[in-house]
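One letter stands for each residue in the lines below.
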Amino acid sequence: MRNRSYKFYQLASLLGISVLLMTFQNCSGGLTSKSSQLNQVTSANSDGLDTAQPNQKPVVNCSFTSLQRSDVYMNVSTLNDQFSAERFNEDDSLSVDCSGTTDESAFSQLTLEIDQNYNSSSPNFQPLMSSSFTLNPGLYPMAIRATDPQGETTVKTFNMVVTCNDRVSDPVVGNLNNLITASEGSAVGLYDFNITTSEISGGQSFEFAWDFNGDGVWDPFGEQKTGTKQLWSDIASRTDIYVNAQNSVQVGLQIRNECFRTTTVNVDVNLANSHPVTAASPASPQGYYYVQGEMRDTGGSANALETQRKTRDYLATNNEVFREFTCDYKGPRNGSGSIEIRTLKQYRDEDFSIHGLNLDIVNIPDDGSDGTFSVVANIQSMTAVMAGESDGISDDRFNRMSGCNVSLTIVRATSTTPCQTGPDRRTGSIEYYGEFNCPTLMNSNGSTMAVNNGRFYCGEAISDRCQGGGGGGGGQPPPQF
């Protein structure tokens, strides 16, 4: 991220401590759902608290308030956070009050510390004292640590966002329909996105955060297996982004200017696929493996975001980005086989960032013979996984509740190659094409969805080597046909 004139400067006064110059390194804080504010917490769990037991960790409860505007505040708590719709700005003098922090020990016995530029790998906590302070525009990752006389400690992390005053407005979008364009990338399932920056006004030095598949969770900048939480970039074009959806998708975009004033928009974008999979079959494969289905909300969700998260034309393909795409055929054994399909996308290394669709198919009639045959089998389990975010929206899993079957066409071919010594070498391949409807999947809260008009196509190759060359082989990754 490039250097800017509005880099974070020193705190005017807070505990007499200076904040080191910093660049925005962890930009995930506060991006929860599309209606969220940037000054939201980055951790809102209970840290294992059991307040009914003695000698437990302290419960942090601190309030940041503006001395100029009584309706602007931020309450950070181990158990629950609250914050005003308006964010702090550079004209606010802020005060902090942690007298609401509780423990089985008296408040006067607690040690309270603050880290104004928190990094979990190298924390720098300093004693917290009553004071007022001002901040220049920027995002400040902070943490408050409370320790009781028995040494039990609670660390509460949060981000504080400070904007400019009214000298700069929020970003403004002109023609929303012209804001984002999308086109196919270098392979099926990959897309190129472009922002028409001429449609944006209100400040300058714009940066962007994306929700490419429209599930309400902001997708990090840079898909790395080592993990990343960086959401923001000043790059207006993104290339070869894997999206497990097709056709009409409501892409989310957050735009912020140099004053950290932010505007959120949702744009209907068509993710066109010039290689439609609806007509694919083993007789006319597309040259890639895929799982698709029409995900739809069937439970009358309480809000638009929940409905949106459960509604998309799902398409997962086996392109090489950080995700799982496996098709594992097991059998035949005792006249039947099974298929395990996994199509999970994971943007980073936290489990809550996983989203996708899994299927387990059992009791497939199969005597192991070569040729093409069609059968009906049972979908033993199907799980639609919805991604979450660390500081707000929860991940979710919808599991098959009612029976749903799959119509399968299987193509198996086996050939032999003579070996100089020992048994002949046997090579084989198996392809399978399925169609399914699964009308009821339910999460732990009783919310329901459906996955209908489903299709998948994948396969495997198997090879037994000649004697002396080792035994066994095959499996993933499968060949392309």
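This is a predicted model, so every value here is computed, not measured.

Colleague: Give a description of the overall build of the chain that names residues and reports values.
Modeller: Across its full length, the chain holds one helix and 28 strands. Buried residues in the chain amount to 50% of all 481 residues. Total accessible area on the chain stands at roughly 20800 Å², and carbon and sulfur atoms take up 45% of it.

Colleague: Mind laying out unusual backbone geometry, listing which residues take part and the relevant values?
Modeller: Excluding glycine, residues mostly carry a negative phi; peptide bonds, for their part, are mostly trans. Following G331, the chain continues into P332 via a peptide bond in cis, with omega recorded as 0°. Position of P332 relative to the elements: it lies in strand β21 (residues 323-333).

Colleague: Let's hear about the sheet that holds strand β12 (residues 180-184): which residues, and what values?
Modeller: Read from one edge of the open sheet, three strands run β12-β13-β16, paired in antiparallel fashion. Each edge of the sheet is formed by a strand with only one pairing partner; in this case those strands are β12 and β16 (237-242). Averaged over all neighbouring strand pairs, the angle between strand axes comes to 25°, with direction disregarded. Where β12 and strand β13 (residues 190-195) come together, five bridges link them in antiparallel fashion. Within β13, the residue paired with I180 across the bridge is I195.

Colleague: Outline the state of the cysteines, listing residues and values.
Modeller: Overall, the coordinates contain four disulfides when judged by the stated rule. Here C164 engages in a disulfide with C259; their sulfurs sit 1.8 Å apart. The sign of the -80° torsion about the S-S bond sets the C164-C259 disulfide as left-handed. Of this pair, C164 sits in the loop between β10 (153-163) and β11 (172-173) while C259 sits in the loop between β17 (245-256) and β18 (262-271), and the two are 95 residues apart along the sequence. Residues C164 and C259 agree in their burial class; the two are buried. Between the sulfur of C327 and that of C458 lies a disulfide, 2.3 Å long from S to S.

Colleague: Can you explain the packing of aromatic side chains? Please cite residues and give values.
Modeller: This model, assessed by the stated rule, comprises nine aromatic pairs. Look at F193 and F212: their rings are 4.8 Å apart centre to centre, the planes differ by 50°, and that puts the pair in the tilted class. Residue F193 is located in strand β13, and its partner F212 is located in the loop between β15 (207-211) and β16; the two are separated by 19 residues in the primary sequence. With a relative accessible area of 1%, F193 lands in the buried category. A relative accessible area of 1% places F212 in the buried class. Here the aromatic residues F193, W210 and F212 are joined through ring pairs into a cluster of three or more.

Colleague: Please give an account of the pattern of salt bridges that cites residues and values.
Modeller: Tallying each qualifying case throughout the model produces 13 salt bridges. Of the charged contacts, one joins D170 and R261 as a salt bridge, the two residues approaching to 3.5 Å between their closest N and O atoms. Of this pair, D170 sits in the loop between β10 and β11 while R261 sits in the loop between β17 and β18, and the two are 91 residues apart along the sequence. The class for D170 is partly exposed, based on a relative accessible area of 33%. Across the salt bridge formed by R296 and D313, the nearest N and O atoms sit 2.8 Å from each other. In this pair, R296 is assigned in strand β19 (residues 290-297) and D313 in strand β20 (residues 312-317), connecting sequence segments 17 residues apart. Taking relative accessible area as the criterion, D313 reaches 18% and is therefore assigned buried. Each of D166, D170 and R261 takes part in a single network of salt bridges with overlapping partners.

Colleague: Which residues make up the pairing of β17, and what are the values?
Modeller: Judged by how many residues are buried, β17 sits mostly within the fold: nine of 12 residues are covered. Bridge count between β15 and β17: five bridges; the pairing is antiparallel. Bridge pairing in β17 places D211 opposite G252. Here β17 pairs with β20 via two bridges, running antiparallel. Bridged to A245 within β20 is Y314. Bridging between β17 and β18 involves 10 bridges; their strand directions are antiparallel. Within β18, the position partnered with Q250 by the bridge is D268. Here β17 folds back onto β18, and the loop between the two strands holds five residues, one of which, F260, carries a positive phi near 60°.

Colleague: Which residues make up the nonpolar core, and what are the values?
Modeller: Within soluble globular proteins, side chains that are nonpolar tend to cluster in buried spots. Of all hydrophobic cores here, the largest spans 44 residues; its most connected members are L357, I361, I364, M382, L408, Y432 and F456. Core analysis: the second largest hydrophobic core is formed by 23 residues, A245, V251, V267 and L271 among them.

Colleague: Lay out the sheet that holds strand β3 (residues 82-83) in plain terms, naming residues and giving numbers.
Modeller: The strands making up a sheet associate through backbone hydrogen bonding, with each pair oriented either parallel or antiparallel. Taken in spatial order, the five strands make up an open sheet running β3-β2-β1-β5-β8, and their pairing is antiparallel. Strand pairing shows two members of the sheet lacking a second neighbour, β3 and β8 (132-133), which therefore form its edges. Sheet analysis places strand β1 (residues 61-66) next to strand β5 (residues 94-97), joined by four bridges and oriented antiparallel. Bridge pairing in β5 places F64 opposite V96.

Colleague: Kindly report on the confidence of the model for the chain, identifying the contributing residues and their values.
Modeller: Confidence in the prediction of the chain, expressed as mean pLDDT, is 79, and 78% of residues score 70 or more. Scored below 50 in pLDDT, residues 1-51 shows 167 contacts in the model against residues more than four places distant or in partner chains.

Definitions and limits used
For every chain, the first residue of the written sequence is number 1, and numbering continues from 1 along that sequence. The predicted nature of this model means local features are confined to residues of pLDDT at least 70 and side-chain atom pairs, given and counted, to a pLDDT of 80 or more, with totals for whole chains, interfaces and linings taken over all residues. With hydrogens and water set aside, each side-chain value is computed from the structure's full complement of heavy atoms. Strands are runs of DSSP state E lasting at least two residues, helices are runs of H or I lasting at least four, and both sets are numbered from the N terminus onward. Note on exposure labels: buried denotes an accessible area under 20% of the residue type's maximum, exposed denotes more than 50%, and partly exposed covers the range between, all computed with a 1.4 Å probe on protein chains only. Residue-level accessible areas treat just the shown protein chains as cover; the underlying method is Shrake-Rupley with a 1.4 Å probe. When DSSP locates at least two bridges between a pair of strands, those strands are taken to pair. Helix axes are fitted only over the stretch in contact, all axes being lines through C-alpha atoms; the angle between N-to-C directions runs from 0 to 180 degrees. Working definition: a disulfide is two cysteine sulfur atoms within 2.5 Å of each other. Two rings from Phe, Tyr or Trp (for Trp, the six-membered ring) form a pair when their centres sit within 6.5 Å of each other. Planes less than 30 degrees apart are called stacked, planes more than 60 degrees apart edge-to-face, and all others tilted. When a carboxyl oxygen of Asp or Glu lies within 4 Å of a side-chain nitrogen of Lys or Arg, that pair is called a salt bridge. Here the nonpolar core consists of buried residues drawn from Ala, Val, Leu, Ile, Met, Phe, Trp, Tyr and Cys, with membership extended through side-chain atoms lying within 4.5 Å. In predicted models, pLDDT denotes the confidence assigned by the predictor to each residue on a 0 to 100 scale. Contacts are assigned to residue pairs with any non-hydrogen atoms lying within 4.5 Å of each other.

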